[in-house]
Amino acid sequence: MKFTYPEANLSKVIKKFTYKDNYFHIEYFDGSVNDYYCADFEKVEEIKKIMLDQAKERQKKMDNPADRLGETISLYLDFIFTLGLYDSIKNRRDFMIFLCAMLVIINTYCQVISIKERVELKKFALFFEMYNSLDEINKSEFMKCIEFENIYQKTLDIDTIDDFSYDEIKTLYRKFKGEKN
């Protein structure tokens, strides 16, 4: 996950997880890192389940219509600030030019962050739709169901989803829906 959600305990929410040569590398959203040796492959599945649960919780908490209303209001504010900037330049008010320019920049930056969060939520929504449509037996064989490795030379799972763009997930989703029917 690239983003967390409000009220999350940042020291427990896993940001990134890798397992190579029996070594775990777990990064949390508070910046802490946990590295340790473990030869038990069942621990990998346990960590992936924790990550799935955390991602599902984030999907529920972040899918809020009030956020979309806030984004719309932010766009209107950006328009108003831009009009103020234009008027200030036209009438040569230096302080107002600076103030309006700063407001436009800050508001635009917040919109970019919000858009990135929305794209990630859409990406995870497609992932969960594919994942949840499989029965319990096939969930362990999730990757082999569509042969993701032959498409992008990497495996799609909860710990590797950040390596995929939204467009790649969308392509995989379409392929999944086509092969499932």
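The structure under discussion appears in the preceding block.
Before going into details, it helps to say that this report is about the structure given with it.

What counts and what doesn't
- Residues numbered from 1 in each chain as written.
- Predicted model: local features only at pLDDT ≥ 70, side-chain atom pairs only at ≥ 80, totals over all residues.
- Heavy atoms only, no water.
- Helix = DSSP H or I, 4+ residues; strand = E, 2+ residues; numbered from the N terminus.
- Buried < 20%, exposed > 50% of the residue type's maximum accessible area, 1.4 Å probe, protein only.
- Contact = heavy atoms within 4.5 Å.
- 1 Å grid on protein atoms, 1.4 Å probe; cavity = no way out; pocket = protein on both sides within 12 Å on 5 of 7 lines; lining within 4 Å.
- Points joined across faces, edges and corners; volume = space filled by probe spheres on them.
- Nonpolar A, V, L, I, M, F, W, Y, C, P; charged D, E, K, R; others polar.
- Phe/Tyr/Trp six-rings, centres within 6.5 Å; stacked < 30°, edge-to-face > 60°.
- Lys NZ or Arg CZ within 6 Å of the ring centre and 35° of its normal.
- Axes fitted to C-alpha atoms, helices over the stretch in contact; angles between N-to-C directions.
- Parallel < 35°, antiparallel > 145°, perpendicular 65-115°, else oblique.
- Left-handed = near helix turned anticlockwise from the far one by under 90°.
- Salt bridge = Lys/Arg side-chain N within 4 Å of Asp/Glu carboxyl O.
- Patch = residues over 30% accessible without salt bridge, like charges linked within 9 Å, V, L, I, M, F, W, Y side chains within 5 Å.
- Areas by Shrake-Rupley, 256 points an atom, 1.4 Å probe, with all protein chains shown as cover.

Considering the overall build of the chain
A count of helices and strands for the chain gives seven helices and three strands. Ordered by position from N to C terminus, the α and β elements of the chain give β-β-β-α-α-α-α-α-α-α. Within the chain, the fraction of its 181 residues that count as buried is 33%. Within the chain, counting contacts between residues at least 6 apart in sequence, those at least 24 apart form 54% of the total.

Details of empty space enclosed by the protein
Any empty space left between the atoms is revealed when a probe the size of a water molecule rolls over them. What the rule picks out here adds up to two cavities of 30 Å³ or more. By volume, the largest cavity is sized at about 40 Å³. In terms of lining residues, the largest cavity is bounded by Met-1, Lys-15, Lys-16, Met-51, Ile-158, Asp-159, Ile-161 and Asp-162. Of the residues assigned to the lining of the largest cavity, the class counts are four nonpolar, no polar and four charged. By volume, the second largest cavity amounts to about 30 Å³.

Structural notes on the packing of aromatic side chains
By the definition in use, this model includes six aromatic pairs. Site record: aromatic cluster; members linked through ring pairs are Phe-124, Phe-127, Phe-128 and Tyr-131. Sitting over the ring of Phe-124, Arg-58 keeps its end group 4.5 Å from the ring centre.

Comments concerning the packing of helix 1 (residues 41-62) against helix 3 (residues 94-132)
Each pair of packed helices can be summarised by the angle the axes make with each other and by the distance between the axes. Contact geometry for helix 1 and helix 3: axes closest at 10 Å, N-to-C directions at 125°. Relative to helix 3, the element helix 1 lies oblique. The chirality of how helix 1 crosses helix 3 is left-handed. Between helix 1 and helix 3, the contacting residues are Leu-52, Ala-55, Lys-56, Arg-58, Gln-59 and Met-62 on the first element and Glu-117, Arg-118, Glu-120, Leu-121, Phe-124, Ala-125, Phe-127, Phe-128, Tyr-131 and Asn-132 on the second. A per-class count over the contact of helix 1 with helix 3 returns nine nonpolar, two polar and five charged.

Thoughts on the pattern of salt bridges
Evaluated as defined, the whole model comprises three salt bridges. Between Glu-46 and Lys-43 there is a salt bridge whose closest N-O contact spans 3.5 Å. Highlighted residues: Glu-46 and Lys-43, both in helix 1, separated by three residues, approximately one helical turn. The exposure class assigned to Glu-46 is partly exposed, which follows from its relative accessible area of 42%. For Lys-43, a relative accessible area of 27% gives the class partly exposed. Residues Arg-58 and Glu-120 are paired through a salt bridge, measuring 2.7 Å at the closest nitrogen-oxygen approach. You can see Arg-58 sitting in helix 1 and its partner Glu-120 sitting in helix 3, a full 62 residues away along the chain. Considered together, Arg-58 and Glu-120 belong to a single accessibility category, that of buried residues.

Things to note about the layout of surface pockets
Of the volumes computed, that of the second largest pocket is approximately 210 Å³. As for the second largest pocket, its lining consists of eleven residues, of which Phe-41, Val-44, Lys-48, Asp-157 and Asp-159 are closest to the centre. Ranked by the residues each element gives to the lining of the second largest pocket, the list is headed by helix 1, at four residues. Of the residues in the lining of the second largest pocket, the class split is five nonpolar, two polar and four charged.

Observations regarding a nonpolar patch on the surface
A cluster of nonpolar residues, Phe-95, Met-96, Phe-98, Leu-99, Met-102, Ile-105 and Ile-106, forms a patch on the protein surface that exposes about 680 Å² of accessible area. Position of Phe-95 among the secondary structure elements: in helix 3. Judged by relative accessible area, which is 59%, Phe-95 ranks as exposed.

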